[in-house]
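The chain contents come next:
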Amino acid sequence: MLYISVPLGKFVRRVSRLRGGGSALPGLVVEKIDPGFMKRTLSTLPLGVAVVSGTNGKTTTTKMVVELLESQGLKVFTNRTGSNFTRGVAAALLGEVDWRGRLDADVAVLELDEAHAVHFVNQVPPRYCLLLNVLRDQLDRFGEIDKTAQLLQHIASKTTGTVVLNREDPRVARIADTVAGLEVRYFGLDDSLLSTFPNDDEMRAAPGSPVPAAPAKPHADVVLRRVGAADADFEYDGVTATTAMKLRGVYNIFNAAAALTLARAIAVKDAASGLPAQGQKAADNDGLLAALSQVAPAFGRGESLVVDGLPLDLVLVKNPSGFRLGLKSFPAAGYATMIAINDNYADGRDMSWLWDVEFDTLRDGGVDQLSGSRAYDMALRLQYDDVAIGAVETEIAPALAAFISGARDKPKRIFCTYTAMLAIRRELSKITTVEVVS
Amino acid sequence: MTPQSDSGLPFEHVLPPEDSPAPSKGTIRVLQLYPRDMNIYGDWGNALVLAQRLRWHGYTPELLEYNVGDEFPADVDLIVGGGGQDSGQLVIQDDLLSRETVLKQLAEDGVPMLVICGLYQLFGKFFKTRTGSVIPGIGILDVETNGTDERLIGNVAVSSPEFGTILGYENHSGQTTLGPGVSPLGTTAKGTGNNSADGQEGARYRNIVASYLHGSLLPKNPALADFLIRTAVERKYGSFSPGTPDDSYAVLAREHAARRPR
Ligand SMILES: [Zn+2]
């Protein structure tokens, strides 16, 4: 079976590529004819499997972990194409294994959607997991935030080595209590930055309303101490190091602390104890920081394009915390602003979340253009926050054209949901060079 | 992550400085029930809409909060409460029972109230979980709720004899059955509503509007918001003289929302 399934799967993969098809079909084929393929292949990796999950920032964080580990000379397998479900991992594996089914890598770092991660870890218990956050995002699919936290807890429970947790997200930090016997490492934030990370539960806490006293915080392996315009301070091993950053937005840089913690757990741990694991090179923190400074954002998460010689930023927004962070991370002054809100399945159909974001920071300059299938929900939201609105056009293409021609002399910023972002990139690619992601 | 209540961000805009030179026609005290634990799915939007529309009608809103353990404020004119996670409901349960008398009194006195989802359920007689344990409600509404395995999720349109078409979004697994002491808010034209059997949504009793709909509910349903406002003003001042809010975005948002899939 082994010698048939891999060539057959690879063949299907090639054919479906030629036909421009998605990445899941070959995964489906190999799963059907050789259900043990994924587990068998991944279990050969000397440093095992690391799973990255959580509501926000999986893609960029996974990309960072991969680049950090590669800076340490490790060969890393990852599901780069955003196939963040089990079948997608199988499909990505097919692309990497040789014709005999062997995978030439030291470690796998896999981005997995919360619900799919549960299926995955039941088949392949990971050695490491990195759990980022539980935010109000996927309520359409899972019903409740607490349910999402349970999914993450399940991932932790199947992990065999080290669990890396967000110290500042109570639902994630709490998972530590349920994983007796495993190594737990945290990534954390300086107190001065906590206010830029609203918690969904307490987003509405009014000034003066008593906030329950936080319990003493555990030690964090990596703490983000400061975020500058183009650099950041990270504290680890008792020292604070400053590094340049290409990534923009506080939340991306907090995820860099997460990536650094996982990369250190995988690559630095054994070096620090003088026992390099499996023959890998001794890892060095300077090398990790240098690699971190070079990481560019993943597809669509706060990327900057150039239109008419001026920057055009795309900021992906998909839940209230993300939108608030986006507004806070990218000040409106001097920019023309557009917001595009779709309610397709991938965006979430429920518009309630728009009412959990304050838009008062847009009051000074107003919003030039609104678009998307729920453009008028957004208009209504802005009206109630006394934010002036230029124009509303539900169709993305004419809205984008009007936005660009109406603000030729200004840098531009577009806050958009996932499918709106895809449509905007498609339109933009007709007038500017958009980074091609495969 | 720990919130910074002193960051000043969340509530800055709630009561922006009066920009209309006209003297206020009066002050209406709007109480949010348990905003700390029951504020999921944009429930804040309902409080914001009440505050802004009061202003647009020429009145001064005063937003109050009641959280677990707080003193219950006096002279409340309008009450609004939202949904929550199961965990949020557990946190407020005992506190709510301790406020049964005052809330019942206010309800019988005709204070307008909007209770959504979780608080709709707890304003009823009880919530019986899937495992059979019974969470007592405060029994203002003659309704009972049973937890199920089925989650009812999606866009909803309701035909209401009082308010016309009501648009919103539901997301609940509790199924609520109405007793003879209440009437339904309306019948569902799209979506499920109270339960998967009888095609009805929400409950009406005195000046209470109870509903499963998020969205938030009030922004896209200004008729409902103005009912609550008018009732509060008339109770306090004898008569209501409305302003002229610009509802053109609400009208368009309704048109587009009504065309979206379930
Ligand atoms: Zn609800």
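The paragraphs below set out a description of the structure included in this document. Note that this is a predicted model, so its numbers are computed, not measured.

Notes on the sheet that holds strand β9 (residues 239-244) of chain A
All names here are of chain A. Strands sit in the order β2-β3-β1-β4-β5-β6-β7-β8-β9 across an open sheet of nine strands; the sheet is mixed. Two strands close off the open sheet at either side, each with one partner strand: β2 (76-78) and β9. Across the sheet, the axes of successive neighbouring strands diverge by a mean angle of 20°, strand direction being ignored. Here helix α4 (residues 58-71) sits on the sheet and contacts β1 (49-53), β2, β3 (107-111) and β4 (128-131); the angle it forms with β3, its principal contact strand, is near 165°.

Details of the coordination of the zinc ion
Residues and elements named next belong to chain B. Protein coordination at the zinc ion: the donors are C117 (SG) and H214 (NE2), at 2.0 to 2.3 Å from the metal. Of this pair, C117 sits in the loop between β4 (113-116) and α4 (118-122) while H214 sits in the loop between β12 (208-211) and α5 (222-237), and the two are 97 residues apart along the sequence. Each member of the pair, C117 as well as H214, is classed as buried.

Structural notes on the pattern of salt bridges
For the structure shown, the criterion picks out 35 salt bridges over all chains. We note a salt bridge from E67 of chain A to K63 of chain A, for which the minimum N-O separation is 3.3 Å. Taken together, the residues E67 of chain A and K63 of chain A, both in helix α4 and four residues apart, mark about one turn of the helix. Using a relative accessible area of 22% as the deciding quantity, one classes E67 of chain A as partly exposed. Owing to a relative accessible area of 23%, K63 of chain A belongs among the partly exposed residues under this scheme. Residues R130 of chain B and D149 of chain B are paired through a salt bridge, measuring 3.0 Å at the closest nitrogen-oxygen approach. Within this pair, whereas R130 of chain B is found in the loop between β5 (126-128) and β6 (134-136), its partner D149 of chain B is found in strand β7 (residues 143-160), the two being separated by 19 residues in sequence.

So, the pairing of strand β14 (residues 389-393) of chain A
Residues and elements named next belong to chain A. Pairing geometry for strand β13 (residues 367-371) and β14, over four bridges, is parallel. Residue pairing for β14: V367 is matched across the bridge by I389. Taken together, β13, helix α13 (residues 375-384) and β14 form a β-α-β motif whose crossover is right-handed.

Here we look at the sheet that holds β12 of chain B
Paired through backbone hydrogen bonds, the strands of a sheet run either parallel or antiparallel to each other. All names here are of chain B. Across the sheet, six strands lie side by side as β2-β1-β3-β4-β12-β11; this open sheet has mixed pairing. Across the chains shown, the open sheet's two edge strands, defined by having one partner strand only, are β2 (60-66) and β11 (203-205). Geometrically, the sheet is characterised by an average inter-axis angle of 15° between neighbouring strands, direction not taken into account. As judged from the three bridges shared by strand β3 (residues 78-81) and β4, these two strands associate in the parallel manner. Paired with V80 across the bridge in β4 is L114. The strands touched by helix α1 (residues 44-56) are β1 (27-33), β2, β3 and β4; relative to β2, the strand with the most contacts, the crossing angle is about 155°. Against the sheet, helix α3 (residues 100-108) engages β1, β3, β4, β11 and β12, with an angle of about 125° to β4.

A short note on the environment of I140 of chain B
For I140 of chain B, the location among the structural elements is in the loop between β6 and β7. Beyond its immediate stretch of four places on either side in the chain, I140 of chain B contacts L103, K104, A107, F123, Y205 and I208 of chain B.

Describing the environment of S87 of chain B
Among the structural elements, S87 of chain B can be located in helix α2 (residues 86-98). Separated by 50 residues in the primary sequence, S87 of chain B and D37 of chain B have C-alpha atoms spaced 8.5 Å apart. Beyond its immediate chain neighbours, meaning those up to four positions away, S87 of chain B contacts D146 and R171 of chain A.

Comments concerning the nonpolar core
Across soluble globular proteins, you tend to see nonpolar side chains buried next to one another. Formed by 98 residues in total, the largest nonpolar core has its most connected members in F323, I339 and L370 of chain A together with L33 and F123 of chain B. Leave out the neighbours within four places in its chain, and F323 of chain A touches V317, I339, I341, W353, L354, V357, F359 and F415 of chain A. Listed in part, the 45 residues of the second largest apolar core include V52, V76, V107 and L193 of chain A.

A closer look at the environment of L112 of chain A
For L112 of chain A, the position within the fold is in the loop between β3 and α6 (114-123). As a C-alpha pair, L112 of chain A and E183 of chain A span 71 residues in sequence and 21 Å in three-dimensional space.

Focus on α5 of chain B
All names here are of chain B. Across its 16 residues, α5 extends 21 Å between first and last C-alpha, which sits within 8% of the 22 Å expected from 1.5 Å per residue. For α5, the full list of buried residues reads P222, L224, A225, D226, F227, L228, I229, T231, A232 and V233. Just past α5, the residue G238 takes up positive phi, approximately 85°.

Concerning the packing of aromatic side chains
Applying the stated criterion across every chain yields a total of 11 aromatic pairs over all chains. Both rings, one in F323 of chain A and one in F359 of chain A, keep their centres 5.1 Å apart while their planes meet at 85°; by these two values the pair is edge-to-face. Taken together, the residues F323 of chain A in helix α12 (residues 320-329) and F359 of chain A in the loop between β12 (336-340) and β13 connect sequence positions 36 residues apart. Both residues of the pair, F323 of chain A and F359 of chain A, count as buried. Taking the centre distance of 4.8 Å and the plane angle of 35° together, the rings of Y384 of chain A and W56 of chain B count as tilted. Residue Y384 of chain A is located in helix α13, and its partner W56 of chain B is located in helix α1; the two belong to separate chains. Residue W56 of chain B is classed as partly exposed on the basis of its relative accessible area of 24%. Through pairs of rings, three or more aromatic residues link up here, namely F323, W353, F359 and F415 of chain A.

Cut-offs and rules
Residues numbered from 1 in each chain as written. Chains lettered and ligands numbered in written order. Predicted model: local features only at pLDDT ≥ 70, side-chain atom pairs only at ≥ 80, totals over all residues. Heavy atoms only, no water. Pairing = 2+ DSSP bridges. Helix = DSSP H or I, 4+ residues; strand = E, 2+ residues; numbered from the N terminus. Axes fitted to C-alpha atoms, helices over the stretch in contact; angles between N-to-C directions. Contact = heavy atoms within 4.5 Å. Donors = N, O, S within 2.8 Å, 3.2 Å for Na, K, Ca; no water. Buried < 20%, exposed > 50% of the residue type's maximum accessible area, 1.4 Å probe, protein only. Salt bridge = Lys/Arg side-chain N within 4 Å of Asp/Glu carboxyl O. Right-handed = clockwise from strand over helix to strand, strands pointing away. Core = buried A, V, L, I, M, F, W, Y, C linked by side-chain atoms within 4.5 Å. Expected span 1.5 Å × (residues − 1). Phe/Tyr/Trp six-rings, centres within 6.5 Å; stacked < 30°, edge-to-face > 60°.

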